[in-house]
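Report on the structure
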Amino acid sequence: MYAVTGATGKTGLVVAEELLKAGKEVIAIGRNEEKLAQLEAAGAEVHAGDLLDKDFAEKALKGAKAAYIMIPQNFSTSDYRAFQSQISGSLASAVMANDLTHVVTLSSVGAQMPEKGGIVQGLHDMEQMFNALAGVNVLHLRPGFFMENLFSMIPVIKNMNMLVSGIRPDLPVPMVATPDIGMLAARHLKMLDFSNKGHQYVLGARDYTYPEVAALLGRYIGKPDLPYVQVGPDQLIESFMQMGATRNIGEVYAQFTEAMNNGSVMDGVERNAGNTTPTLLDEFAVLFAEAYKLN
Ligand SMILES: NC(=O)c1ccc[n+]([C@@H]2O[C@H](COP(=O)([O-])OP(=O)(O)OC[C@H]3O[C@@H](n4cnc5c(N)ncnc54)[C@H](OP(=O)(O)O)[C@@H]3O)[C@@H](O)[C@H]2O)c1
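Residues numbered from 1 in each chain as written. Predicted model: local features only at pLDDT ≥ 70, side-chain atom pairs only at ≥ 80, totals over all residues.

A few words now on the overall build of the protein. Looking only at helices and strands, the protein has 11 helices and 12 strands in total. Counting only C-alpha atoms, the protein reaches 55 × 40 × 40 Å along its principal axes. Here the protein, with 295 residues, has 44% of them falling under the buried criterion. (Helix = DSSP H or I, 4+ residues; strand = E, 2+ residues; numbered from the N terminus. Buried ≥ 20, exposed ≤ 12 C-beta atoms within 10 Å, placed from the backbone.)

Have a look at this one:
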């Protein structure tokens with residue numbers, strides 16, 4: 001039996017569906033019962049609750065031998081790293097209490113950084129915590145930038161006619177479609193082809209600079225001259241707060257952006273056939289254009 005956390009989210013849903021399709025027994029975990037109903041109808045055992053709650057996590061993982069573990073985002077916390085650590089702690093103790101043998105986690109590029117990682121600092125902590133679990137085989141997937149993040153840019157493109165971020169315009173950024181991450185995680189879980197502790201980068205089909213992203217998305221939405229504008233850390237923090245996030249969230253994003261721009265995040269990471277996934281940004285741009293029309 002497999003437990004899938006974040007089973008109604010972008011990567012978790014693909015993991016749960018792929019395992020069910022392969023005839024595996026699945027425990028699907030999320031918060032919203034209505035969203036989980038779809039997986040229940042497909043044959044999953046579902047558990048709705050908050051992973052911050054250790055007892056809930058332990059009960060939800062009961063009977064599982066392997067799991068897909070992810071830490072959800074939370075824009076309302078004033079200490080993101082502490083939130084991430086609390087979820088990791090709750091899941092790590094649930095894994096041990098239920099004697100799981102295999103775990104695939106959703107980590108990130110940059111999780112190797114012991115400090116100044118911002119938004120991924122808690123994923124560094126999560127990797128360390130799971131690496132310390134005796135007798136559990138753990139594979140950390142470290143994906144690049146989710147293409148789906150670009151959906152949140154739609155209002156800015158509509159209102160300001162520009163693509164905005166804190167990333168340097170000349171920096172190649174690995175961009176990955178989240179279904180590709182889910183497919184990869186499901187494949188590893190089906191085959192249980194990893195042992196001891198390890199990680200695997202998931203870098204998408206290729207890297208893109210932000211001006212390239214602006215030009216490509218612009219072409220699909222009828223704005224072929226869409227410019228890319230880089231903003232500084234203060235403006236980045238301000239824009240997160242305008243979207244309703246806490247200052248801490250703005251600060252951790254700004255710190256991660258700085259680590260991308262100064263090369264620490266991708267330091268030593270090399271693209272190869274094993275960490276390259278199929279979906280190109282051109283394919284995502286079709287979905288982006290549909291969402292752009294509807295918004
Ligand atoms: N964005 C990127 O570029 C990027 C890159 C690399 C790594 N990552 C990592 O990817 C992870 C997050 O992915 P995402 O936020 O985009 O996922 P997501 O698709 O928003 O999915 C979140 C899932 O978690 C569930 N959930 C949320 N809060 C929960 C809670 N407190 N307890 C139990 N379940 C909860 C949600 O269910 P409900 O809807 O029912 O709440 C949903 O199923 C983060 O760890 C992030 O650091 C992101």
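Let us now look at the domain arrangement of the protein. Partitioning the protein into structural domains gives domain 1 (2–144 + 177–202) and domain 2 (207–294). Counting residues at the interface gives 20 residues for domain 1, matched by 20 residues for domain 2. Within the residue set of the side of domain 1 that touches domain 2, elements represented by two or more residues are α7 (178–191) and β10 (197–202). Top element by residues in the side of domain 1 that touches domain 2 is β10. It accounts for three residues. In terms of residue class, the side of domain 1 that touches domain 2 is built from 10 nonpolar, seven polar and three charged. (Domains from an automatic or database assignment. Contact = placed C-beta atoms within 7 Å. Nonpolar A, V, L, I, M, F, W, Y, C, P; charged D, E, K, R; others polar.)

Now for the sheet that holds strand β5 (residues 102–106). Taken in spatial order, the seven strands line up as β3-β2-β1-β4-β5-β6-β10 in an open sheet, and their pairing is parallel. With partners counted over all chains shown, the strands left at the sheet margins are β3 (45–48) and β10, one partner each. Recorded for the sheet is a direction-independent mean angle of 15 degrees between the axes of neighbouring strands. Here strand β6 (residues 137–143) pairs with β10 via six bridges, running parallel. Each bridged residue has a counterpart across the sheet, and for L139 the counterpart in β10 is G198. (Pairing = 2+ DSSP bridges. Axes fitted to C-alpha atoms, helices over the stretch in contact; angles between N-to-C directions.)

This paragraph deals with helix α9 (residues 233–242). Those residues of α9 that sit buried are L236, I237 and F240. Seen end-on, α9 carries its buried residues on one side only, within an arc spanning 95 degrees. Away from its buried face, by an angle of more than 90 degrees, α9 presents the exposed residues D234 and Q242. The inward-facing, buried residues of α9 abut α10 (247–261). (Arc of directions from axis to C-beta.)

As a structural note, the neighbourhood of the ligand is formed by 24 residues, with G6, G9, R31, N32 and P72 the closest of them. Contributions of two or more residues to the shell around the ligand are made by α1 (10–21) and β7 (145–146). Here the residues of the shell around the ligand are counted per class, giving 11 nonpolar, nine polar and four charged. (Near = placed C-beta within 6 Å.)

Here we come to the packing of α1 against α7. At a minimum axis separation of 8 Å, α1 and α7 run at an interaxial angle of 40 degrees. For the element pair α1 / α7, the angle class is oblique. Crossing angle aside, the handedness with which α1 passes α7 is right-handed. Note on element contacts: α7 touches α1 through T178, P179, I181, G182, M183, A185, A186, L189 and K190, opposite K10, T11, V14, V15, E18 and L19. Of the residues in the contact of α1 with α7, the class split is nine nonpolar, three polar and three charged. (Parallel < 35°, antiparallel > 145°, perpendicular 65-115°, else oblique. Left-handed = near helix turned anticlockwise from the far one by under 90°.)

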